[in-house]
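# Descriptive structure summary
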Amino acid sequence: MFLEGKKPHLAVIAGCIFYGMNGLFIDRIHNMAIAPIIFYRLFFGLLFLFAYIAARGKTSDLRLKKRRVSLLLQGVLVVACMLLYFTCLKITCVSIAILLQYTAPFYVMLASPLILNEKIGKESVIALFIAIAGVFLIVKPESFSGIEFTGTYMLGIAAGLLSGVIFAALIMNVKILKTEYTELAIMFWPMGIALLLLSPFAFEISPDALYGNLKVLIAFGIVSIGFGEIFTILGLANLKAQTGSLLALIEPVSGVFFDIAVLGIGLSSETLAGCALILASATFISLRGSENIKERDRKPSFKEIYPETISEDSL
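The numbers attached to residues start from 1 for each chain and follow its sequence in the written order. The model is predicted, so local features are restricted to residues of pLDDT at least 70 and side-chain atom pairs to those at 80 or more, both for listing and for counting; the totals for chains, interfaces and linings are taken over all residues. Side-chain numbers here rest on the full set of heavy atoms in the structure, without hydrogens or water.

## Quick look at the overall build of the protein chain
A run of DSSP states H or I qualifies as a helix once it reaches four residues; a run of E qualifies as a strand once it reaches two. Both are numbered from the N-terminal end. Tallying secondary structure elements over the protein chain gives 15 helices and zero strands in all. Under the scheme applied here, a residue whose accessible area is under 20% of the maximum for its type counts as buried, over 50% as exposed, and between as partly exposed, the area being computed with a 1.4 Å probe on protein chains only. By the burial criterion, 47% of the 315 residues in the protein chain qualify as buried. Contacts in the protein chain between residues at least 24 apart in sequence constitute 89% of all its contacts with a sequence separation of at least 6. Surface accessibility of the protein chain: about 15900 Å² in total, with carbon and sulfur atoms responsible for 67%. Contacts: residue pairs with any heavy atoms within 4.5 Å of one another. The protein chains shown are the only cover counted for residues, whose accessible areas, like all others here, come from Shrake-Rupley with a 1.4 Å probe.

## Brief notes about a nonpolar patch on the surface
Taken together, Leu-72, Val-76 and Leu-197 make up a surface patch of nonpolar side chains, about 250 Å² in accessible area. Here Leu-72 shows up in helix H4 (residues 68-91). Patch members must show over 30% relative accessible area and no salt bridge, and they are joined within 9 Å when carrying like charges or within 5 Å when they are nonpolar side chains of Val, Leu, Ile, Met, Phe, Trp or Tyr. Think of a salt bridge as a Lys or Arg side-chain nitrogen and an Asp or Glu carboxyl oxygen that are within 4 Å of each other.

## Examining the packing of aromatic side chains
When we look at a pair of aromatic rings, we describe it by the centre distance and by the angle of the planes. Planes of paired rings set the category: under 30 degrees apart is stacked, over 60 is edge-to-face and the rest tilted, where pairs are Phe, Tyr or Trp rings (Trp by its six-membered ring) whose centres lie within 6.5 Å. Counted by the stated rule, this structure contains eight aromatic pairs. Where Phe-39 meets Tyr-40, the ring centres are 4.9 Å apart and the plane angle is 85 degrees; that geometry is what we call edge-to-face. Like Phe-39, the residue Tyr-40 is buried in the burial classification. Taken together, the ring pairs in this structure connect Phe-39, Tyr-40, Phe-43 and Phe-44 into an aromatic cluster.

## What about the nonpolar core?
Note on soluble globular proteins: their nonpolar side chains tend to be buried together. To form a nonpolar core, buried Ala, Val, Leu, Ile, Met, Phe, Trp, Tyr and Cys residues must be joined to one another through side-chain atoms within 4.5 Å. Membership of the largest hydrophobic core comes to 83 residues, with the highest contact counts inside it found for Tyr-40, Leu-42 and Phe-167. Broken down by element, the residue count for this core peaks at 11 residues, all from helix H8 (residues 151-178). In contact with Phe-167, not counting residues within four places along its chain, are Cys-81, Gln-101, Tyr-102, Ala-104 and Ala-248.

## Focus: the side chain of Gln-74
Its location among the elements puts Gln-74 in helix H4. Those residues in contact with Gln-74 that lie beyond four places of it in its chain are Leu-170, Asn-173, Val-174, Leu-177 and Pro-190.

## Details of the confidence of the model for the protein chain
Per residue, pLDDT measures the predictor's confidence, with a range of 0 to 100. Chain-level pLDDT for the protein chain is 76 on average; 76% of the residues reach the 70-or-more range. Predicted confidence is poor over residues 299-307, with pLDDT under 50, and the contacts of this stretch with residues over four places away or in other chains come to five contacts.

## Remarks on unusual backbone geometry
The backbone phi angle of Asn-31 is positive, close to 60 degrees, even though this residue is not glycine. Here Asn-31 is to be found in the loop between helix H2 (22-26) and helix H3 (34-55). A relative accessible area of 73% places Asn-31 in the exposed class.

## A short note on the side chain of Arg-41
Of note, Arg-41 is situated in helix H3. Polar contacts, as used here, are pairs of N or O atoms within 3.5 Å; protein pairs need one atom able to donate a hydrogen and one able to accept it. Residues neighboring in sequence count only if both atoms are side-chain atoms. At 2.9 Å, the side chain of Arg-41 forms a polar contact with the side chain of Ser-224. Setting aside its immediate chain neighbours within four residues, Arg-41 contacts Tyr-19, Asn-22, Met-82, Phe-220, Gly-221, Ser-224 and Ile-225.

## A short note on the packing of H4 against helix H9 (residues 183-198)
One can describe the packing of H4 onto H9 by two numbers: an axis separation of 8 Å at closest approach and a directional angle of 60 degrees. Judged on the interaxial angle alone, H9 and H4 are oblique. In this structure, the crossing between H4 and H9 has a hand that is right-handed. Residues Leu-71, Leu-72, Gln-74, Gly-75, Val-76, Val-78, Val-79 and Met-82 of H4 form the contact with H9, whose participating residues are Ala-185, Trp-189, Pro-190, Met-191, Ile-193, Ala-194, Leu-197 and Leu-198. Amino acids are sorted into nonpolar (Ala, Val, Leu, Ile, Met, Phe, Trp, Tyr, Cys and Pro), charged (Asp, Glu, Lys and Arg) and polar (every other residue, Gly among them). Within the contact of H4 with H9, the residues separate by chemical class into 14 nonpolar, two polar and no charged. Fitted lines through C-alpha atoms give the axes, limited to the stretch in contact for helices. The angle between two N-to-C directions lies from 0 to 180 degrees. For classification purposes, an angle smaller than 35 degrees is called roughly parallel, one larger than 145 roughly antiparallel, one from 65 to 115 roughly perpendicular, and anything else oblique. Crossings are assigned a handedness: left-handed for a near helix turned anticlockwise from the far helix by less than a right angle, right-handed for a clockwise turn.

## Things to note about the packing of H3 against H9
H9 packs onto H3 with a crossing angle of 150 degrees between their chain directions and a minimal axis gap of 9 Å. Accordingly, the angle class assigned to the pair H3 and H9 is roughly antiparallel. H3 and H9 meet at a crossing whose hand is left-handed. Across the interface between the two elements, Ile-38, Phe-39, Leu-42, Phe-43, Leu-46, Leu-49, Phe-50, Tyr-52 and Ile-53 from H3 touch Leu-184, Met-187, Phe-188, Met-191, Gly-192, Ala-194, Leu-195 and Leu-198 from H9.

## Some details on H9
The length a helix should cover is 1.5 Å for every residue beyond the first. Between its first and last C-alpha, H9 extends 23 Å over 16 residues, near the 22 Å set by a 1.5 Å rise per residue. Of all 16 residues making up H9, 12 are buried, and the element is well covered by its neighbours. Along H9, the residues that are buried comprise Glu-183, Leu-184, Ala-185, Ile-186, Met-187, Phe-188, Pro-190, Met-191, Ile-193, Ala-194, Leu-195 and Leu-198.

So this is what it looks like as structure tokens:
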């Protein structure tokens, strides 16, 4: 695939663009609750993933090795992240759900030095605060006014915060799994586990409702889980967890773009400014990452390999 290897930044961005289309599909699905939608999105997406893997002749990559507990954990985290996010969305509002889930880069930056032995660079810290400021503008802070902090509402806030923590864990666990499994296995098995866990919801809708939404559900699975998962995992597996979590903030920007372009939703100056900040942050961190990749792939000179053979007197 053209984004494999040396262009993981572009892979994550491409994956986030595909994930950003979620709103377009949700808007076209009728008479279905969230849980069955998530199940069939996973079902058709997983079928597409398997067809993609088989077409590439890579089914041998799906062989189970060590770290099976980490694979199982990834599947559980996928389900937990989705359910917590939608719980927050239902109790609070879209703005707060997005803002709380995309606190994930903070958790990654705090935990990755301990879990993954990654260093915290000043560039990452700067990019993080720029991006979070952009997210805050996109979700329109004025929508938080008039909120009553009841017990139920605080439950929604807790669910949103936990969805951010779990999203961060998902990103870091990909790096752990990469030491044992290929990207294809990291895509396939957690999605299969998530599908199994959500299977009871498959029968919560009538056959008529399923048939009426079938085309949209198939497209939803292929675009979001299929292409979105392929590109995102290819990127995250080959980037520092801190960098990947920052680039994931492209998703709300792409969501805003599709809302405007397809659904005709108006664009406020705050939203435009927020998108600009996130894109600036992603561009900055991508350029820095590209320089690091070029430096990593550069062939060392003879002097660097054998410094003791070259002295000032010999020049």
